[in-house]
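Here is how the chains run, residue by residue.
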Amino acid sequence: MRELDELQQDALGEIFNIGVGRAAGALSQIVHSEIELSVPQVELVPINQVRSTLSGGEFLHFSSVSQSFSGPFDAEAVLIFPEANALVIVSHMLGTHLSPEELSEYEQEAMCEVGNIILNACISVLADLFHVEFNGGLPKHRFSDRDGLGFESDYDAEFVLLLKVSMKINQANVVGHLLFLLGVQSLEALFDCLEKYLIEQGLR
Amino acid sequence: MSEALLDHLEVGVVLLDAQQRIQLWNTWLVRHAGIEESTARNALLSDVFPEVRDSRLQRAIDAALTQRMASLLSPGLNAPLLRLYQRPVDRRVDLRMRQLIHIVPLKGAEGCLIQITDVTASARREDQLRTQSTELRDRTYRDTLTGIGNRRKFDETINMEFRRALRGNTVLSLLMIDIDHFKAYNDSFGHPAGDVCLKMVAKALADGLRDSGDQIARYGGEEFAVVLPATDGAGACLVAERLRTQVEAALATDRHRPVTISVGVGTMHPGAGSTADSLISGADMALYQAKADGRNRVAYFNLDDGNLATLA
Amino acid sequence: MTTPLLLIVDDSRTSRMLIRGLIAQLRPDWRLVEAGNGDEALAAVEAEVPTHVSMDVNMPGMSGLEAAARIRIKHPEVRIVMCTANIQESTRNAAAQAGIGFVSKPITERSVTESLAFWEAAP
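Residues numbered from 1 in each chain as written. Chains lettered and ligands numbered in written order. Predicted model: local features only at pLDDT ≥ 70, side-chain atom pairs only at ≥ 80, totals over all residues. Heavy atoms only, no water.

Here's the deal with the pairing of strand E11 (residues 307-310) of chain B
All names here are of chain B. As judged from the 4 bridges shared by strand E10 (residues 298-302) and E11, these two strands associate in the antiparallel manner. Of the residues in E11, the one forming a bridge with Ala299 is Thr310. Connecting E10 to the next strand, E11, in antiparallel fashion are 4 residues, including Gly306 with a positive phi near 75°. (Pairing = 2+ DSSP bridges. Helix = DSSP H or I, 4+ residues; strand = E, 2+ residues; numbered from the N terminus.)

Description of the interface of chain A and chain B
In many analyses, interface size is given as the accessible surface area lost on bringing the parts together. On the side of chain B, 27 residues touch chain A, which itself brings 32 residues to the contact. Taking both sides of the interface into account, the surface hidden between chain A and chain B amounts to around 2,200 Å²; carbon and sulfur atoms contribute 57%. On the surface where chain A and chain B come into contact, there are 1 salt bridge. Note that A:Glu113 and B:Arg56 form a salt bridge whose closest N and O atoms lie 2.7 Å from each other. There are 9 residue pairs in polar contact (both at pLDDT 80 or more) connecting chain A and chain B. Those elements that provide at least two residues to the side of chain A that touches chain B are helix H1 (6-31), strand E3 (61-70), helix H3 (83-94), helix H4 (105-130) and strand E5 (135-136) of chain A. Of the residues forming the side of chain A that touches chain B, the biggest block, 13 residues, is contributed by H4(A). A class-by-class count of the residues in the side of chain A that touches chain B yields 15 nonpolar, 11 polar and 6 charged. (Contact = heavy atoms within 4.5 Å. Buried area = accessible area lost by both parts, 1.4 Å probe. Salt bridge = Lys/Arg side-chain N within 4 Å of Asp/Glu carboxyl O. Polar contact = N/O pair within 3.5 Å; in protein donor to acceptor, adjacent residues only side chain to side chain. Nonpolar A, V, L, I, M, F, W, Y, C, P; charged D, E, K, R; others polar.)

Some details on the pattern of salt bridges
With the rule as written, the count across this model stands at 30 salt bridges over all chains. The residue B:Arg87 makes a salt bridge to B:Asp90 at a minimum N-O spacing of 2.7 Å. Residue classification places B:Asp90 among the buried residues on the basis of a relative accessible area of 3%. The shortest N-O distance in the salt bridge between C:Asp10 and C:Lys105 comes to 2.9 Å. Residue C:Asp10 is found in the loop between strand E1 (5-9) and helix H1 (13-26), and its partner C:Lys105 is found in the loop between strand E5 (101-104) and helix H5 (109-120); the two are separated by 95 residues along the sequence. (Buried < 20%, exposed > 50% of the residue type's maximum accessible area, 1.4 Å probe, protein only.)

What about the interface of chain A and chain C?
Facing 20 residues of chain A, the contacting portion of chain C comprises 16 residues. A combined buried area of about 1,500 Å² lies between chain A and chain C, and 52% of that area is made up of carbon and sulfur atoms. Here chain A and chain C share 2 salt bridges between them. Put simply, C:Arg13 and A:Glu6 hold a salt bridge, and the shortest N to O gap is 3.6 Å. At the junction of chain A with chain C, the criterion picks out 7 residue pairs in polar contact (both at pLDDT 80 or more). Residue assignment for the side of chain A that touches chain C shows that the elements contributing at least two residues are H1 and strand E1 (35-38) of chain A. For the side of chain A that touches chain C, a count of residues per class yields 9 nonpolar, 6 polar and 5 charged.

Regarding empty space enclosed by the protein
All told, the structure shown has 5 cavities of 30 Å³ or more when counted by the stated rule. Lining the largest cavity are 10 residues, with A:Asn17, C:Asp56, C:Asn58, C:Ala85 and C:Lys105 positioned closest to its centre. Examining the composition of the lining of the largest cavity, we find that 4 residues originate from one element, H1(A), more than from any other. Its residues assigned to classes, the lining of the largest cavity comprises 2 nonpolar, 5 polar and 3 charged. The volume enclosed by the second largest cavity comes to roughly 60 Å³. Lining of the second largest cavity is provided by A:Ala11, A:Glu14, A:Ile15, A:Ile18, A:Leu129, A:Tyr197, C:Thr14, C:Ser15, C:Leu18, C:Pro106 and C:Ile107. Of all elements in the fold, only H1 of chain A together with H1 of chain C reach the threshold of two or more residues within the lining of the second largest cavity. The biggest single contributor to the lining of the second largest cavity is H1(A), with 4 residues. For the lining of the second largest cavity, a count of residues per class yields 8 nonpolar, 2 polar and 1 charged. (1 Å grid on protein atoms, 1.4 Å probe; cavity = no way out; pocket = protein on both sides within 12 Å on 5 of 7 lines; lining within 4 Å. Points joined across faces, edges and corners; volume = space filled by probe spheres on them.)

Thoughts on the nonpolar core
Grouped together as the largest cluster of nonpolar side chains are 84 residues, with contacts concentrated most on A:Phe16, A:Leu37, A:Met93, A:Leu161, A:Met167 and A:Phe180. No other element matches H4(A), which puts 15 residues into this core. With residues near it in sequence (within four places) discarded, A:Phe16 still touches A:Val39, A:Cys122, A:Leu126, A:Leu161, A:Leu163, A:Leu178 and A:Phe180. One finds B:Ile148, B:Phe182, B:Val201 and B:Tyr300 within the second-largest nonpolar core, a separate group that totals 31 residues. (Core = buried A, V, L, I, M, F, W, Y, C linked by side-chain atoms within 4.5 Å.)

Focus on the packing of aromatic side chains
Summed over all chains, the structure comprises 8 aromatic pairs over all chains. Each ring, one from A:Phe130 and one from A:Tyr197, has its centre 5.9 Å from the other, and the planes form 55°; the classification is tilted. Highlighted residues: A:Phe130 in helix H4 and A:Tyr197 in helix H5 (residues 184-200), separated in sequence by 67 residues. Each member of the pair, A:Phe130 as well as A:Tyr197, carries the same accessibility label: buried. Positioned over the ring face of B:Tyr219 is B:Arg151, at 4.0 Å from the centre of the ring. (Phe/Tyr/Trp six-rings, centres within 6.5 Å; stacked < 30°, edge-to-face > 60°. Lys NZ or Arg CZ within 6 Å of the ring centre and 35° of its normal.)

Structure follows, in structure tokens:
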């Protein structure tokens, strides 16, 4: 299977860091309090290993927001948080204290918007730097558990670009993951775009 | 999509071309915006709805037209933006409907589609539930007599701060405070007077706390507890002594009904295997010492080195 | 006058390489040193005080703002530009109060030209 070399890994990490940085700015404006977002590591893993990568103790129940993108490569982009962390995010943003049972449409829409802002920001940085265009779909929110991440079956993906995201809001530190689900051809196309970018920048 | 069908939808549908001119404006919008289709058609969205300028909706439209990104504006994170009204009377007081807005780029064409859903009813229900749940939460954690935190609040606070101190390897202090001779006070002056006394002590204590995260609660009966995060024994004794003198100054001057307090200070670096109960018993132990040494004073117990002392 | 020394601080090697490449074109006589985090940056300043610093804000460990503040305390004459995608008011204000420049990421010819304008402006 393809692997990311050190420079590719570093470049992708930096691109997504710029994306989440922009998203943090937009989110801070909406909720009127400072939000920090960062993406520490980028990994490329086969889709059947995603579950074990995410299967830390806190990752029993998930809250995820997914959006599909099509362009030079197609991807399902997913922002995923352990359910408890997702609650921390919406309750800080909406100023409420809720249990999972109390989560309604209202919070799910808010969570969708948060995911939409983060995912759009990442994709638009990719599009800017690679000089390409994507078509973005609307975000979907869902709850799932470890036994079914919920998105594998919808999508004919084989690889996942996996990024750990940490989000700081009002002192609370929340960790989740950003996943880009890619088919074989899309993965190749992503590598092509990335190589073109590195060459264009004189880094290869 | 035929326009006749669009006119039957219970959502607002606007189609914008690449220049952000309105190409489609359904009957729902005529009804709720109070703007005729003939006026809207070919007008700029920002002329029909000036409130769109510089808004998040404008940025979402730009993203749809230039970057082909879809966006969603939720009613929870966005104040009602567009001047859309459920009923004509709402327009007079500018009570806008709560809006869920989707912005989607058109497939295979320049332009974007904006869909507006009226979520006023559910948002209003949410607001009510939210207010109720906040009130309930408030009631669950507040002592009705004194207005400060109750025992349940204390239990949560001490456990949370204990875990935090354990994680951060920081020191944590706790004050246990008891009103001296409260039983005799109650017996002599009656329960209503006792209640007034509790309220006054609670107020004097709350006024004496630092802004830095000190948290006070009524522990039970005439006993109060104050959690002092990231405060060492010396710092905690300073706070304790200030609270004691403050109560003395405010409530011991009444010659017939003098009120004083005794304070036990517990302090420790939470370590593996220890629990918040160790700190509570430590502070209790210091409180007994303060009582034994004559009341209206502060005693101190350091659980790290076992040092127990009464302040002069 | 000795040739200017620019210290480039960024945890991303890509970003350091981009800045290095652009500076090599725009100011071929400048000397360059790199650091991958705040601690390395402080060590580099100990070894030789740079004329200018390009500092990433968002780095693991010590934040760019803290590293910049520590450099400023000892060497107030050093001109520091912060690079970040995270253009939040609070960050911007903190930088402005410390007399520090600000450019937004990604690193492009434009962002480096803006940095140069700040570095070379009379203090």
